[in-house]
Amino acid sequence: MILSIKDLAAGYGKFRVLEDVDITIKPDEIVALIGPNGAGKSTVLKSIFGLTTNYGGKIIYRDKNITKLNTSELVRLGISYVPQGRQVFSSLTVKENLEMGAFITDDKVLIKKKMKDVFAKFPVLKEKTNQYGFALSGGQQQMLAMGRALMQDPQLLLLDEPSLGLSPKLTKEIFQKIIDINKERTAVLIVEQNAKQAIKIAHRTYVLEDGKVALTGGKNIVNNPKIKSIYLGGR
Ligand SMILES: Nc1ncnc2c1ncn2[C@@H]1O[C@H](COP(=O)(O)OP(=O)(O)O)[C@@H](O)[C@H]1O
Ligand SMILES: [Mg+2]
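As the structure is a computational prediction, the values presented were derived from the model and not from experiment.

Analysis parameters
Residues numbered from 1 in each chain as written. Chains lettered and ligands numbered in written order. Predicted model: local features only at pLDDT ≥ 70, side-chain atom pairs only at ≥ 80, totals over all residues. Core = buried A, V, L, I, M, F, W, Y, C linked by C-beta atoms within 7 Å. Buried ≥ 20, exposed ≤ 12 C-beta atoms within 10 Å, placed from the backbone. Helix = DSSP H or I, 4+ residues; strand = E, 2+ residues; numbered from the N terminus. Contact = placed C-beta atoms within 7 Å. Pairing = 2+ DSSP bridges. Axes fitted to C-alpha atoms, helices over the stretch in contact; angles between N-to-C directions. Left-handed = near helix turned anticlockwise from the far one by under 90°. Nonpolar A, V, L, I, M, F, W, Y, C, P; charged D, E, K, R; others polar.

Moving on, we get to the nonpolar core. A32, L33, I79, L158, V188 and I190 are the most contacted members of the largest nonpolar core, which has 66 residues in total. The element best represented in this core is helix α6 (residues 138–150), accounting for six residues. In this structure, I79 is in contact with I48, F49, Y61, L74, P154, L156 and L158, ignoring residues within four places of it in sequence.

Before going further, it helps to examine the sheet that holds strand β2 (residues 15–25). Read from one edge of the open sheet, four strands run β2-β1-β4-β5, paired in antiparallel fashion. Every interior strand has two partners, whereas the edge strands, β2 and β5 (64–65), have only one. In this structure, strand β1 (residues 3–12) lies alongside strand β4 (residues 53–61), joined through seven bridges in antiparallel fashion. Following the sheet pairing, A10 is matched in β4 by N54. Docked against the sheet, helix α1 (residues 41–48) engages β1, β2 and β4, running at close to 75° with respect to β2.

Here we take up the packing of helix α3 (residues 94–101) against α6. Running from N to C, α3 and α6 cross one another at 35°; their axes reach a closest spacing of 7 Å. The two elements α3 and α6 meet at a crossing, and its hand is right-handed. Listed contacts from α6 to V94, N97, L98, M100 and G101 of α3 are L144, G147, R148 and A149. Its residues placed into classes, the contact of α3 with α6 shows five nonpolar, three polar and one charged.

The following block contains the structure:
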């Protein structure tokens, strides 16, 4: 396992959100996390990334207990996080945004190489190298947010609702990029509203309801009657 979450209880201050959460991710997997609004999906990602109050349980990343580490230590260990709402720096250019992503190194040659890799994956970002974040479309901002995370050369990528607000065509494109990133040996934990597509690209899926894992399974989870009726609109 690249990541094992065991019996995790987490929230914000006194507000408990997650209880007894168990999630595992293998190094070559895409794992999806779906569930209703407010179920605690984003909180799971934040808890891995050191942004919540953790009351109990543990988070093990490559045999190391990371439960108490801060975000910059986590980035150095190979975990990158793309928050919900594609938060790019709007008054910085594409290039500057990507450079911000590389804060863990001073090595100019390495930064250049990483940027080249990101441009190869997202050619549109190369075209817009000197454009400001605010001038990008929603899809381009999402690609920039993902590109920035990739500058850190992650072994585990945490993605929160990458398709939110994007057209079906762009959603498809973003999902294809996620498959490509995973094929290049990055494990992915993706939170999605778009349950159908998330299940399709994921090796395994967890359903979170009210702060707890309600259901888990492989791709055949689409045939689960409960999943069909609640998350796939009865199809
Ligand atoms: N920063 C925060 N401080 C306090 N409560 C929060 C914070 N972020 C989220 N919550 C609460 O935690 C619960 C789970 O939220 P979240 O993890 O964002 O759900 P989801 O991503 O599944 O929609 C909700 O009740 C939400 O209001
Ligand atoms: Mg959320």
